[in-house]
Amino acid sequence: MEGKKEEHGHEVKCSFCGNDTTCERCMVEPASAAGSEHICYDCYQKMAGQLPENIRDRTHICIPPEKMQENFERFLNETTERAFVQLWDSEKKKLKEMSRQDLSRASFFEGARFMFSFMQQMSQEEQKHEHGHEHKHEGHGHEEHGHEHKHEHKHEEKK
C-alpha cells in the first residue's frame, strides 16, 4: 500500500484564490456541496479565520488533516495553560500547603476534570454545528477551564 496515494476528501476550488483544495466535508456529506463556497487553509489563515458574514454559513473550511492536528495541539496547549494560570492564581496558597501526595492526587484529578469538561464542550460544539443551533442548559453556566471541584447539573422541571 506504500505507493498508493490515500484519498482524504473531495477536490474543490478555493472560492477566494482559485487553488485546488480538498474538502473532507464534501466527501462525508456530498449533499452539502451544492451551493457551498470553499476556502483553502492558506486563505483562511490570511483572513485570520474571519469569513465574510454573507457567506459564513455556507462556506466549507478546507483544512488539511496535518494542519488540523497542529492547530488542535496548539489550541489544547493554550487552553490548558490558561486553565492552569487561573487555577494557580485562585488556589496558590492552598496548593502550596498540600503534601506532595495530595498535590499529585489533586493535580491528576484536576487534569481529568479539565479534559472531561473540555471533551463535553467539544461535543456540544460539534452538535451545535451539526444541528445549526446551540444547545444550552438552563439556569447555569460552564466554566471555560472546567476545573471546579464539584460540578453537578440539576435540572428543575418548570411547573
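Quantities reported herein were computed from a predicted structural model and do not represent experimental measurements.

Our focus in this paragraph is the overall build of the protein. A tally of regular secondary structure across the protein gives four helices and four strands. Overall, the protein shows an N-to-C arrangement of helices and strands of β-β-α-β-α-β-α-α. Expressed as a percentage of its 159 residues, the buried residues of the protein come to 21%. Residue pairs in contact within the protein that sit at least 24 positions apart in sequence constitute 41% of those at least 6 positions apart. In the form shown here, the protein has an accessible surface area of approximately 12800 Å², with 51% of it arising from carbon and sulfur atoms.

To continue, consider the packing of aromatic side chains. Enumeration over the complete set of coordinates arrives at five aromatic pairs. Each ring, one from F75 and one from F118, has its centre 5.7 Å from the other, and the planes form 35°; the classification is tilted. Placement of F75 in helix α3 (residues 65-97) and of F118 in helix α4 (residues 100-131) is noted, with a sequence separation of 43 residues between them. Taking the relative accessible area as the measure of exposure, F75 reaches 37% and is therefore partly exposed. In this structure F118 comes out as buried when scored by relative accessible area, which is 3%. Judged by centre distance (5.5 Å) and plane angle (85°), the rings of F108 and F109 are edge-to-face.

Membership of the largest hydrophobic core is limited to six residues, which are C14, I39, C40, C43, Y44 and L51. Looking at this core, the elements with two or more residues in it are β3 (37-40) and α2 (41-46). Residue contacts for I39: discarding those within four places in its chain leaves C14, F16, Y44, M47, L51, T59, H60, I61 and C62.

Let us now look at the pairing of strand β1 (residues 10-13). In this structure, β1 lies alongside strand β2 (residues 20-23), joined through four bridges in antiparallel fashion. Note on β2: the bridge partner recorded for E11 is T22. Taking the residues that link successive antiparallel strands as the turn, the β1-β2 hairpin has six residues, and the phi of G18 there is positive, at about 85°.

What follows covers the side chain of T59. Here T59 lies in strand β4 (residues 59-62). A polar atom in the side chain of T59 sits 2.5 Å from the backbone oxygen of I55. If we ignore the near neighbours within four places in the chain, the residues touching T59 are E37, H38, I39 and L51.

End to end, α3 covers 44 Å across 33 residues, agreeing with the expected 48 Å (1.5 Å per residue, within 8%). Approximately 80° is the largest bend angle found in α3, and it occurs at E91. For α3, the complete set of buried residues consists of N71, L76, T79, A83, L87 and L95.

This part is about unusual backbone geometry. One non-glycine residue, A48, adopts positive backbone phi at about 55°. With respect to the helices and strands, A48 occurs in the loop between α2 and β4.

Attention now moves to the side chain of T21. Locating T21 in the fold gives a position in strand β2. In this view, T21 contacts H10, E11, V12, C14, C40 and C62; residues no more than four positions away in its chain are not counted.

In the predicted model, the protein carries a mean pLDDT of 77, and 75% of its residues have values of at least 70. Of the regions scoring below 50 in pLDDT, residues 1-8 engages in four contacts with residues more than four places distant in sequence or in other chains.

What counts as what
- Residues numbered from 1 in each chain as written.
- Predicted model: local features only at pLDDT ≥ 70, side-chain atom pairs only at ≥ 80, totals over all residues.
- Heavy atoms only, no water.
- Helix = DSSP H or I, 4+ residues; strand = E, 2+ residues; numbered from the N terminus.
- Buried < 20%, exposed > 50% of the residue type's maximum accessible area, 1.4 Å probe, protein only.
- Contact = heavy atoms within 4.5 Å.
- Areas by Shrake-Rupley, 256 points an atom, 1.4 Å probe, with all protein chains shown as cover.
- Phe/Tyr/Trp six-rings, centres within 6.5 Å; stacked < 30°, edge-to-face > 60°.
- Core = buried A, V, L, I, M, F, W, Y, C linked by side-chain atoms within 4.5 Å.
- Pairing = 2+ DSSP bridges.
- Polar contact = N/O pair within 3.5 Å; in protein donor to acceptor, adjacent residues only side chain to side chain.
- Expected span 1.5 Å × (residues − 1).
- Bend = angle between axes of the 7 residues up to and from the residue.
- pLDDT = per-residue confidence, 0-100.

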